[in-house]
Structures are given as C-alpha cells and as structure tokens.
Amino acid sequence: MPVLKTMFSIQETQNSKLSSVDWENLAFGKVFSDHMFEMDFENGSWKTGKIVPFGPISMHPAMSAIHYGQSIFEGLKAYRFVNDQVVIFRPEMNAARFVNSANRMCMPPVPEDIFVEAIRKLVELDKNWVSGKEGYSLYIRPFLFATDPLVGIKPAETYKFMIITSPVGMYYSEPVKVKIEEYYARASKGGVGRVKAAGNYGASLYPAKQCQIQGYHQLVWTDAIEHKYIEESGTMNIVFQIGGKLISPTEESDTILRGITKRSVFELAQSWGVEVEERKVSVEEIVQAARSSTLEDAFGVGTAATLAQIAIIGYRDEQLHLPPLETRILSNKLKNHLSGIKTGIVDDTFGWCFKI
Ligand SMILES: *Cc1c(COP(=O)(O)O)cnc(C)c1O
C-alpha cells in the first residue's frame, strides 16, 4: 500500500476552542473552528498550502484587494450523517464556480483538485465541529484575494487563498418577507453578477437596508435595465410554483449566480417527475399570479438557508400573501428530502455527498 501523503503542511492547535462553543446561541458566521487553510500565489505559481491554527492574518495597508476589490469567495457546508459519517455537499461544484469567478476577476484560479482536497483535509481535522444536531452544519468559506503591496490599478501578481469554517444552526427560522426592487440593481449585463465577487455583496447592503427599514427581510432583484424581470432574492436564487410547475429565472443571463442549491432542487424535483422551467420570469406574471391566487409557492434557494419559503411579496404599495406553509407540499418535500440526503437518512442516489 502506498503511503498517502497530504500535499499540505499541518500545524495543529494546542488549545481547541470547541468546548467553549455555545451551541444553543450560534449566530451565523460568528464562531470559527480551530484551524484554517492558507495558500499563497507568488512568481506565477501556487506555493504549498498549509493548515494552521485559526487566527488573524497580517496585511500591508496597500493590499490591492482592499483598494480595488480583487476578492472572491465561495460558500458550502459539511454535514454529519446520523451514522456519524461527515460529508461535504457537492464541493466539486464550488471548485468549478471558484475557477469561473477567478477568471472573471483576472485572478489565478485555484486548481479544482487542490480546492476540494484542502476543504476535505481541513474539515477532517475539525470534524468534531460538525454538529449532528438537527439543522446544524459546518459552513465552509473559501476565499481568494489580491495581496500586492501596491496602490496601482492592474491585476495583482500575488494572491492568498484561504478557507475558514464556522459552525452554524438554522439560518431563517420563519418564512421570509421579500420586496420587489424596482430602482437599485444587483448586477447588469456584462458585469460580475454571475460570479461571487466580494464587491457584489458590499453594493447590495444599502438597498437591502432600505427594504429592511420597511419591514422586509430581503429584496427580490430585478433586471438592471427595465426592472421588469425577476432575477434573484437577496443572495439566493428564486423559484416559483405555478400550476404544479417549478419556474425560475434563466441563468443564461450573466446577471444571475448559478446556484448549486437550485441545481440540486431542480434535479431532485425532475427525478420525481415535476416539470421545471428556466426562462425569463416577469414581475407582471408573478404579481398577477399572486393576486389571482395561482401562485402556489415561492422560495429562495442557497447554501446558507438551503430553502427559504416566502410568506409575503411586497410590490409597490401592495403586500401579496402566499398560501400557508402546510399547503406547500412540494417545497416542504424538497426541503425535507434535501436535508435527508445531507444527514444520511435518505439514500444519496445522486452521489452529492462527498465523504471526508
Ligand atoms: C451564493 C449565491 C447563491 C446561491 O448559490 P448556492 O451555490 O446555492 O449557495 C445565489 N445567488 C447569489 C447572488 C449568491 O451569491
């Protein structure tokens, strides 16, 4: 048997913080596990990655990521099966998307096998941070940023790739209220909406705050040109159900992030014989459907919350109420089935769970 050598150096922590975690009151993304991954890009190549105790990093004040935003990230989760096996949900999909994000932002892509192996190794080392409690998981945040110590606008020559992980509980506990946004835009054609570029999220905070002042949780983004077509909801993809069919804005437009959760939900629904449609979805169509009570369901899909059902859609001065949760058979079933796959209760016939 060949000895399996890891390609990374590992420095284990001497004082684990695991016993100090308040599992009952976990705010999303506030608590971090014992270790993190770090890998530098210099002189045209990636150096050896290392796993080190979690902690602050030092940076040059001219660091280009801060000034010009060459910074991208990913988000995925590790789960604990009921039989204690720890798995990561479809990490190869995030690896591929991270490459696309890097290319669009003129950054050196992290090779997909290194991306997946770095996550696997890190989660393996911190596997006790993956709680098996219902609704809990370990959120994994890979990110890549430019580190050139230089104030000059050009693609940087040095970069740092890091991965940190954070134990999390349920994201939204109640159905969400969303508002259709007709002024601000998240992304425009030819821009960077399709990729997880850090600046997209910074730019969304002000519009999101305005709608929160009005009592909503999140915005429903519409196209930047006419505000006629629905694109996404907050940082999630959006899905509607009309006439038993699942309908979602097409990802052909480069203004929409190609979500792995939405892909999984659609693959699952299709395997049950549910019809799915990806096309332009107009505000008009959804508002009319809601007014005439033919809008059976609407929900957001993304890694953080998985599937967040929408209770109310705000449109101008109107509040459109969706049917009660217990009547939303399909989305409830999708939600439960997906969580069943991630906890090993339901057979993973798709091969989505990557065992560490
Ligand atoms: C990350 C993200 C999503 C969801 O993608 P998942 O792969 O399902 O987590 C949707 N929209 C935006 C804008 C995102 O950043």
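What is the right way to look at the site of the ligand in this model?
Near the ligand lie 14 residues; those nearest to it are K196, Y201, E232, T261 and T303. One of the side-chain N or O atoms of E232 is found 2.5 Å from a nitrogen atom in the ligand. The contact in question runs from a nitrogen atom of the ligand to an N or O atom on the backbone of T235, over 3.4 Å. For the ligand, whose unbound accessible area comes to 380 Å², protein coverage reaches 96%. If you list the elements that add at least two residues to the shell around the ligand, you get β13 (236-242) and α5 (260-271). Grouping the constituent residues of the shell around the ligand by class yields four nonpolar, six polar and four charged.

What is the right way to read the environment of F41 from this model?
With respect to the helices and strands, the residue F41 is situated in strand β2 (residues 35-42). As for F41 and K160, which are separated by 119 residues in sequence, their C-alpha atoms are 6.2 Å apart. Ignoring sequence-local partners within four residues, the contact set of F41 consists of W46, P108, E157, T158 and Y159.

Hey, could you run me through the nonpolar core in this one?
Soluble globular proteins: nonpolar side chains tend toward being buried together. Ranked by size, the top nonpolar core spans 49 residues in total, and within it F37, V123, L144 and F161 carry the most contacts. If you tally residues by element for this core, the top one is helix α3 (residues 112-125), at seven residues. Formed jointly, this core draws a minimum of three residues from each of two domains, domain 1 (9-170) and domain 2 (176-343). Leaving out residues up to four positions away in the same chain, V123 has contacts with A78, V86, I88, V130, L138, I140 and I356. I230, I242, I247 and A290 belong to the second largest nonpolar core, which has 22 residues in total.

Where do I start with the pattern of salt bridges in this structure?
Pairs may arise between side chains of opposite charge once their charged atoms sit close together. For the structure on display, the rule yields 23 salt bridges. Where R186 meets E232, a salt bridge forms, and the shortest distance between an N and an O atom there is 3.0 Å. Separated by 46 residues along the polypeptide, R186 in the loop between β10 (176-180) and α4 (198-213) and E232 in strand β12 (residues 230-233) bring together distant segments of the chain. This pair shows no difference in class: R186 is buried, exactly as E232 is.

Would you mind showing me how to read the domain arrangement of the protein chain here?
Size of an interface, as often reported, equals the accessible area lost when the parts are brought together. When cut into domains, the protein chain gives domain 1 (9-170) and domain 2 (176-343). Measuring from the centre of the C-alpha atoms in domain 1 to the corresponding centre in domain 2 gives 27 Å. Contact residues are listed per partner, giving 23 residues for domain 1 and 22 residues for domain 2. Together domain 1 and domain 2 conceal approximately 1,800 Å² of surface at their shared face, both sides included; 63% is due to carbon and sulfur atoms. Our enumeration of links across domain 1 and domain 2 arrives at one salt bridge. Of the charged contacts, one joins E267 and R90 as a salt bridge, the two residues approaching to 3.5 Å between their closest N and O atoms.

Help me understand the pairing of β13, please; the structure alone is not making it clear to me.
When a strand is regular, its side chains alternate between the sheet's two faces. With seven of seven residues buried, β13 lies mostly within the body of the structure. Sheet topology note: the β12/β13 ladder contains two bridges and is antiparallel. What sits directly across from S233, in β13, is M236. Taken together, β12 and the strand that follows it, β13, pair antiparallel across an intervening segment of two residues, in which G234 is found at a positive phi of about 60 degrees. Examined bridge by bridge, β13 and strand β16 (residues 295-302) share six bridges and lie antiparallel to one another. Residue pairing for β16: N237 is matched across the bridge by V301. Two strands pair when backbone bridges link them, and β13 and strand β14 (residues 245-249) are joined in this way by three bridges, in the antiparallel orientation. Looking at β14, one finds that I242 is bridged to K245. Counting the residues that bridge the hairpin from β13 to β14 gives two residues, and of these G243 lies at a positive phi of roughly 60 degrees.

Definitions and cut-offs
- Residues numbered from 1 in each chain as written.
- Predicted model: local features only at pLDDT ≥ 70, side-chain atom pairs only at ≥ 80, totals over all residues.
- Heavy atoms only, no water.
- Near = heavy atom within 4 Å.
- Polar contact = N/O pair within 3.5 Å; in protein donor to acceptor, adjacent residues only side chain to side chain.
- Areas by Shrake-Rupley, 256 points an atom, 1.4 Å probe, with all protein chains shown as cover.
- Helix = DSSP H or I, 4+ residues; strand = E, 2+ residues; numbered from the N terminus.
- Nonpolar A, V, L, I, M, F, W, Y, C, P; charged D, E, K, R; others polar.
- Contact = heavy atoms within 4.5 Å.
- Core = buried A, V, L, I, M, F, W, Y, C linked by side-chain atoms within 4.5 Å.
- Buried < 20%, exposed > 50% of the residue type's maximum accessible area, 1.4 Å probe, protein only.
- Domains from an automatic or database assignment.
- Salt bridge = Lys/Arg side-chain N within 4 Å of Asp/Glu carboxyl O.
- Buried area = accessible area lost by both parts, 1.4 Å probe.
- Pairing = 2+ DSSP bridges.

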